[in-house]
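# A look at the structure
Each chain, letter by letter, is given below.
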Amino acid sequence: MDYLKGLNEPQREAVLHTEGPLMIVAGAGSGKTKVLTTRIAHLMANGVDSFRILALTFTNKAAKEMKERIEHILGNSDARNLYIGTFHSVFARILRAEAHRLGYPNSFTIYDTDDAKSVVKTVINELNLDDKHYKPNTVYNRISAAKNALVGPVEYKNDYYIQQEDMRSNRPLIANIYDAYAKRCFKNGAMDFDDLLFLMYRLLKEFPEALIKYQSKFRYILIDEYQDTNPAQYEIIKLLAAQHENICVVGDDAQSIYSFRGATIQNILQFQKDYDDVSIIKLEQNYRSTQNILKVANDIIANNKGQIPKNLWTENATGEKIKLVRTMTDNDEGKFVADAIQEQKLRNHYNNKDFCVLYRTNAQSRAFEESLRRMGIPYIIYGGISFYQRKEIKDYIAYLRVIVNPKDEEALKRIINYPVRGIGKTTIDKAILYANENNITMWDVLERAKEFGYKAGTLEAIENFVLMIRSAQSMMVKHNAYEIAFHIGKQTNFVKELFNDKSTEGVARYENIQELLNSIKEWIETPLNEEDGEVGDKGLGAYLQQITLLTDADQKDPNADVVKLMTVHAAKGLEFQCVFVAGLEETLFPSGLSINSREELEEERRLFYVAITRAKNRLWLSYANARYRFGSLVQNEGSRFLEELPEEFLDRTFAGGGARNQGSSFNNTSAFDRMHGGFGAAAQAEKTYGPPPARKKETPSYLPPKPQAPKVVEHKPAADFVASDTSNLQAGQKVEHQKFGFGMVSKMEGSAHNPIATVQFELNGEKKIMLNYAKLRIVE
DNA sequence: AGCAAGCTCATTTTT
DNA sequence: TGAGCTTGCT
């Protein structure tokens, strides 16, 4: 019973309460994972067979961590056979075994978002609809939302309100697209991410034998991050738990941040009504953050209505005040963060991995990357395009997909003529047309190419291709995923082709393929779950299933000593010594798309709450006066959330042009800036903008008066306008700007990284031009 | 057929 | 800004 030591009272209670429905309301940093893992270990220590425990998480990372911690507690490897995983991966595994019931091959493909959107696009075009109006992205999101609400194509078409909505947006035919899309996926033997939930639900609902099988199998069910479950997940859980009712859900309504994906807090409230005697345990002691950080977080979230009442408290030290920093531009914000990290490393002996930079949108990462790179601080970005989304990797994998499931038209289209083998666009278009006309798959057409009147040369090319795929298919009986992958790379000249490309990108692509092959090999060598026979051992099918459900975060080493950059969403469940929350500006955080209703705004606020509560020791909040948004510099107001911060816990500073912000004896300038013109851009900027304003008490921040940009007299540059190298620009030179026209440089200032020219334009008067961004042509 | 240049358009967040 | 797509050229 050693594992019970080190738990506080409610934690212990949650672990020991094994029978019957239980809801754990776990505040940020209250030891939720510890409770979940100890609970599972406790069940196992008391003789529950690991096959009978189902634990569902939102990320593979969380699942993996839980498994490891359980193994650690138990001191053996019994945990290997637990059903721990994401909703998607666990359901994929079950669906693989039950696919036949739904009319799917058990070798079904899982389409990622890109594949799915591509099918949507294909279908839109085939229905002769305009893809400018029916944008694949929009339509896909609509379909996705429908599936997550368990609305199938038929219900979609028959639902009055949904139809009204589509009428209003002038897209009445989405129902038809949805229907065609679902049929096409089925024909391709493919499920998209949402299908893994939707079809799992249908499996349990429509096939009582399947329902009984899994209901009785899973005697104990645990759900992590319950506040982020959507209706599909909710219904599935309910069905699975109905027999034993040993269901434990863990969540925090204050951290619900996925409503855009259909998640609803209603599930938390509904849970209490679904079962007769639900026990509720609250974990309210925070072990993560300083008092100051927690105080700020609590104050922020108190602005939301209708929270489950909780009192999150901590015994930790008071800690430092929260630093609120304003900069001129997003690039300055980047520089400020890199500077501050450097300073903290020196002053407080932190490692790189103690720092995390959080932002609202992935696009914001650029400024931080640049400044960190310039300072030589190693970093890693979570959430960009993942390894498996790179073109060469997707192409390579497409071969494997076709071998496993030749009905997969998306994969087939990718590789049928790559590397080039004389099966061009015309041939492919024809094949798809024939397939649609005869209601067969594209692969069927290729196999029976003779019947469709292709020219001799084309026919030969097709037949060779079909033979090659078939021979690889026959390998599946005796060979594992690695052997087949290696074989196909050689056979198709895929690898050789990349090897011969000596351009920088070519070399990188070749290396990526090598890395892919290595990772397949590695996967082959890791031991199986005992019960995994049903998934198909180390075959290609099992491999493919596994990688499509892998997230970007799963591919990166969380222990590497590097600064981490990620969106707030991606940071859920993580913690860091030092956290920077950047881009706290209206229309960015909160997002401009979420300020029109209270619900959306409250979700943004929860997101901010999640961001703040990632920090253990030190927290910086930053925002920029102006930032580059789709190409041009846009002014922004500070976020309304900043006004909700309790003033007494804040330390306000201004860090204009990337200077150090506080305290050091050299005051506000970096050595570099001092060498290049006194106080540099920072001091200059401070004169212009002043320090960040303290909280305005009365003025509501809604609809802030927009500072009117001075009207520009448009200048049409010559067609051959070419920006000059302005690194040696001097006062007195004459220049041309694309928008402002001709002018004379009157003054040069700023640092060498960030030179600023003051120009007297003939038509537009005096402007300050940041040479790093603007394009100027030197006239003389 | 294949490639390069130019054009348009989008930006929330992710399994 | 930059990705993806169409157009036009070879």
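As the structure is a computational prediction, the values presented were derived from the model and not from experiment.

### Things to note about the UniProt feature "binding site: ATP" (unreviewed entry) in chain A
UniProt's entry tags Ala26, Gly27, Ala28, Gly29, Ser30, Gly31, Lys32 and Thr33 with the feature "binding site: ATP" (unreviewed entry), counted in the numbering of this structure. Along the chain, the position of Ala28 falls in the loop between strand E1 (22-26) and helix H2 (32-45). Judged by its relative accessible area of 1%, Ala28 is buried. Setting aside residues up to four positions removed in sequence, Ala28 forms contacts with Asp252, Gln255, Asn286, Arg288, Leu312, Tyr609, Thr613 and Arg614. Mapped onto the elements of the fold, Gly31 is located in the loop between E1 and H2.

### Observations concerning the domain arrangement of chain A
For chain A, the assigned domains are domain 1 (9-101 + 198-285), domain 2 (109-188), domain 3 (322-384 + 555-651), domain 4 (387-549) and domain 5 (712-779). The C-alpha centroid of domain 4 is placed 41 Å from the C-alpha centroid of domain 3.

### What about the UniProt feature "domain: UvrD-like helicase ATP-binding" (unreviewed entry) in chain A?
Here, the residues flagged by UniProt with the feature "domain: UvrD-like helicase ATP-binding" (unreviewed entry) are residues 5-290. In this annotation, residues 5-290 is assigned 52% helix and 13% strand; the end-to-end C-alpha distance for the span is 24 Å.

### Here's the deal with the state of the cysteines
Counted according to the given criterion, the structure contains zero disulfides. Of all cysteine sulfurs, the one in Cys578 lies closest to Cys356, which takes part in no disulfide; the gap is 10 Å. Judged by relative accessible area, Cys356 falls into the buried class, the value being 0%.

### So, the pattern of salt bridges
On inspection of all chains with the given rule, the structure shows 49 salt bridges. In this structure, Asp192 and Lys147 form a salt bridge, with 2.8 Å as the shortest nitrogen-oxygen distance. Of this pair, Asp192 sits in strand E5 (residues 190-192) while Lys147 sits in helix H6 (residues 136-148), placing them 45 residues apart in sequence. Of the two residues, Asp192 and Lys147, both sit in the buried class.

### Structural notes on the environment of Glu333
If you trace the backbone, Glu333 turns up in helix H15 (residues 330-348). Among the residues examined, Glu333 registers a relative accessible area of 0% and is labelled buried. C-alpha of Glu333 to C-alpha of Ala582: the two residues are 249 residues apart in sequence and 7.8 Å apart in space. The residues touching Glu333, leaving out its near neighbours within four places in the chain, are Thr327, Phe368, Ala582, Gly583, Ser622, Tyr623, Ala624 and Arg627. Here Gly583 takes part through its backbone nitrogen, which lies 2.8 Å from a polar atom of the side chain of Glu333.

### Quick look at the sheet that holds E1
Judged by pairing direction, the sheet is parallel, and its six strands sit side by side in the order E3-E2-E6-E7-E1-E8 without closing on themselves. If you trace the sheet from one side to the other, it starts and ends with strand E3 (83-86) and strand E8 (279-283), each paired once. The sheet shows a mean angle of 15° between the axes of neighbouring strands, taken without regard to direction. Across the sheet, helix H1 (residues 9-16) is in contact with E1 and E8; its angle to E8 comes to roughly 145°.

### As for the protein's contact with DNA strand B
Surrounding DNA strand B, one finds 24 residues, the nearest of these being Lys135, Arg360, Gly424, Thr551 and Leu593. Close to the protein, within 4 Å, the atoms of DNA strand B belong to sugar or phosphate groups at a rate of 51%. In the model, a base oxygen of DNA strand B is placed 3.0 Å from a nitrogen or oxygen of the His88 side chain. At a separation of 2.9 Å, a phosphate oxygen of DNA strand B approaches a polar side-chain atom of Thr567.

Calculation notes
Residues numbered from 1 in each chain as written. Chains lettered and ligands numbered in written order. Predicted model: local features only at pLDDT ≥ 70, side-chain atom pairs only at ≥ 80, totals over all residues. Heavy atoms only, no water. UniProt positions renumbered as here; feature names shortened; annotations may be inferred. Helix = DSSP H or I, 4+ residues; strand = E, 2+ residues; numbered from the N terminus. Buried < 20%, exposed > 50% of the residue type's maximum accessible area, 1.4 Å probe, protein only. Contact = heavy atoms within 4.5 Å. Domains from an automatic or database assignment. Disulfide = S-S within 2.5 Å. Salt bridge = Lys/Arg side-chain N within 4 Å of Asp/Glu carboxyl O. Polar contact = N/O pair within 3.5 Å; in protein donor to acceptor, adjacent residues only side chain to side chain. Pairing = 2+ DSSP bridges. Axes fitted to C-alpha atoms, helices over the stretch in contact; angles between N-to-C directions. Near = heavy atom within 4 Å.

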